[in-house]
Amino acid sequence: LSNSAFVPPPKFYQQLQLHIDGAPNQHYATVLVPLDRGTSASVEADAETGGARITVGKQVDRAMLFPSNRRIDGPSVIFEGMSGAVRTKGKTLTLLQVLGTSIGFRGRLQIDGDGPFSATLAPSGKLELSTDGLGRWLTIRGKEFSSASLARKPVALETVTGGVRLRVPPGKQTFKLE
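For the structure given in this document, a descriptive report is provided here. (Residues numbered from 1 in each chain as written. Predicted model: local features only at pLDDT ≥ 70, side-chain atom pairs only at ≥ 80, totals over all residues. Heavy atoms only, no water.)

Concerning the packing of aromatic side chains
Point 1. Per the counting criterion, the structure on display carries 1 aromatic pair.
Point 2. Centroid distance Phe66 to Phe79: 6.3 Å. Interplanar angle 50°. Geometry classified as tilted. In this pair, Phe66 is assigned in strand S3 (residues 59-73) and Phe79 in strand S4 (residues 77-89), connecting sequence segments 13 residues apart.
Point 3. Exposure remark for Phe66: the relative accessible area of 7% places this residue in the buried category.
Point 4. Phe79 gets classed as buried once you look at its relative accessible area, which sits at 0%.
Point 5. Lying over the aromatic face of Phe145, Lys143 brings its terminal NZ or CZ to 5.2 Å of the ring centre.
Point 6. Sitting above the plane of the Trp137 ring, Arg165 keeps its charged end 4.1 Å from the centroid. (Phe/Tyr/Trp six-rings, centres within 6.5 Å; stacked < 30°, edge-to-face > 60°. Helix = DSSP H or I, 4+ residues; strand = E, 2+ residues; numbered from the N terminus. Buried < 20%, exposed > 50% of the residue type's maximum accessible area, 1.4 Å probe, protein only. Lys NZ or Arg CZ within 6 Å of the ring centre and 35° of its normal.)

Here's the deal with the nonpolar core
Point 1. Formed by 26 residues in total, the largest nonpolar core has its most connected members in Leu109, Ile111, Leu129 and Ile140.
Point 2. For Ile111, the contacting residues outside a window of four places in its chain are Leu95, Thr101, Ser102, Ile103, Phe117, Ala119, Leu129, Leu138, Thr139 and Ile140. (Core = buried A, V, L, I, M, F, W, Y, C linked by side-chain atoms within 4.5 Å. Contact = heavy atoms within 4.5 Å.)

Remarks on the environment of Gly57
Point 1. Structurally, the position occupied by Gly57 is in the loop between strand S2 (52-56) and S3.
Point 2. Placed 47 residues apart in sequence, Gly57 and Gly104 show a C-alpha to C-alpha distance of 22 Å.

Some remarks on the pairing of strand S7 (residues 117-121)
Point 1. With burial as the criterion, only one face of S7 is covered, namely that bearing Phe117, Ala119 and Leu121; the residues Ser118 and Thr120 on the opposite face remain uncovered.
Point 2. Pairing geometry for strand S5 (residues 92-105) and S7, over 5 bridges, is antiparallel. Its bridge partner lying in S7, Gln97 is registered against Phe117.
Point 3. As judged from the 5 bridges shared by S7 and strand S8 (residues 127-131), these two strands associate in the antiparallel manner. Within S8, the position partnered with Phe117 by the bridge is Thr131.
Point 4. As consecutive antiparallel partners, S7 and S8 are separated by 5 residues, and within that stretch Gly125 has a phi angle of approximately 95°, a positive value. (Pairing = 2+ DSSP bridges.)

Shown next as structure tokens:
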């Protein structure tokens, strides 16, 4: 053993410790926002969702993390579950459902079904939907989709009131809907 202190190389793993004083049984949620040097962000309470609103330039993330199931039927965000996020950046919309059964942005896109999944609606109207976990059905509303593919192979869409239903097989999948 050496008596000299360890000096990490320049690109070595770094760790940051976060300490928040609180009372017993007081719950906290922490939002970490990785940024490039010189980029700033604002993080504030989101009155509509009860979560956090994170703004970085023209990108707005609305993160929701709750200790029990919560239903939100706000002017813009639709959510039912314990954790998820809605991101808007220009005309691109991304929904991230971690633990819940419904997430959406009113007037643009709503997806009902169990997470986890992420869905990005491009300005062109094309939707990329990535899933993981158990097989299940997802119902997609707010935009008319006529075709879906998985690994460039057509996938059947079932028409339902106000949208389409997609059968998701178990495992990691990435669907393209148009």
